[in-house]
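Residues per chain, in single letters:
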Amino acid sequence: GTSAVKDGASLISLLRRPQVHYDDLRAFDEGCAAISAEIAEAVLRRLKADSETIKTVSELVRRHEDRFEPSKKAVKRLLGKTNPEFFEMLLSLMEADEMGKRAEFRFPKDVFDEFHRLSAEIVEKEECFSLKNLAVSGADLISAGFEPGPEMGKILETLLEKVIEGEIPNEKAKLLSFVKNEFKM
């Protein structure tokens, strides 16, 4: 389950630490998370874990040192690259990792509280954070006269970015109007 995945990621993220030197007291060498993710994958394969667990734990370990601002836009972007369940596991792992640091080097707890609050709010209000919840789809663009192809993906990504930035509301009519004005059919 989710708890076992998170616990496995917590344990494995620590495996490489004794072997990686400190550049200073605040940060490990940038390669630490990537090396730990490789170790996670190897250990879980030896333990015959299922492929989804291997993928999830490896990605949690790889990303647990990432830092981003506690803003709605940043949280939406991260949710869009992952999913709400993964995001919550990642936050929990990051919080646990911070507890192992000297107090003066820890990321403040209230920052993690804000990440949790923002994530819950975005999910609860069903705000747009991925192409799945964008009010316009590829089929809508085809109906509007656009040709299928790589350009359509770029258009959808542009629309998603505009919605996340708050430049356009996630409303089908407004999104299609923007597309018709900004892109050639």
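Residues numbered from 1 in each chain as written. Predicted model: local features only at pLDDT ≥ 70, side-chain atom pairs only at ≥ 80, totals over all residues. Heavy atoms only, no water.

A. Broad picture of the side chain of Ser58. Tracing the backbone through its elements, the reader meets Ser58 in helix H3 (residues 51-63). Owing to a relative accessible area of 3%, Ser58 belongs among the buried residues under this scheme. With near-sequence residues (within four places) excluded, Ser58 lies in contact with Ala37, Ala40 and Glu41. (Helix = DSSP H or I, 4+ residues; strand = E, 2+ residues; numbered from the N terminus. Buried < 20%, exposed > 50% of the residue type's maximum accessible area, 1.4 Å probe, protein only. Contact = heavy atoms within 4.5 Å.)

B. Representation of the environment of Leu134. Structurally, Leu134 can be placed in the loop between helix H6 (109-124) and helix H7 (138-143). The class of Leu134 is buried, set by a relative accessible area of 8%. Once the C-alpha coordinates of Leu134 and Glu157 are considered, the two residues, 23 residues apart in sequence, prove to be 9.7 Å apart. When residues no more than four places from it in sequence are discounted, the contact partners of Leu134 are Cys128, Leu156, Leu159, Leu160, Val163, Asn170 and Leu175.

C. Inspection of the pattern of salt bridges at higher detail. Across all of its chains, the model carries 20 salt bridges by this definition. For the salt bridge of Arg63 with Asp66, the shortest nitrogen-to-oxygen distance reads 3.3 Å. For Lys162, the salt bridge identified is with Glu167, shortest N-O distance 2.9 Å. For Glu167, a relative accessible area of 49% gives the class partly exposed. (Salt bridge = Lys/Arg side-chain N within 4 Å of Asp/Glu carboxyl O.)

D. Representation of H6. The end-to-end C-alpha separation of H6 is 23 Å, in line with the 22 Å expected for 16 residues at 1.5 Å each. When we look at burial in H6, the residues that qualify are Val111, Phe112, Phe115, Leu118, Ser119, Glu121 and Ile122. Residues of H6 that are buried in the fold lie against helix H4 (72-81) and helix H5 (84-99). After H6 finishes, the residue Glu126 shows a positive phi value of roughly 55°. (Expected span 1.5 Å × (residues − 1).)

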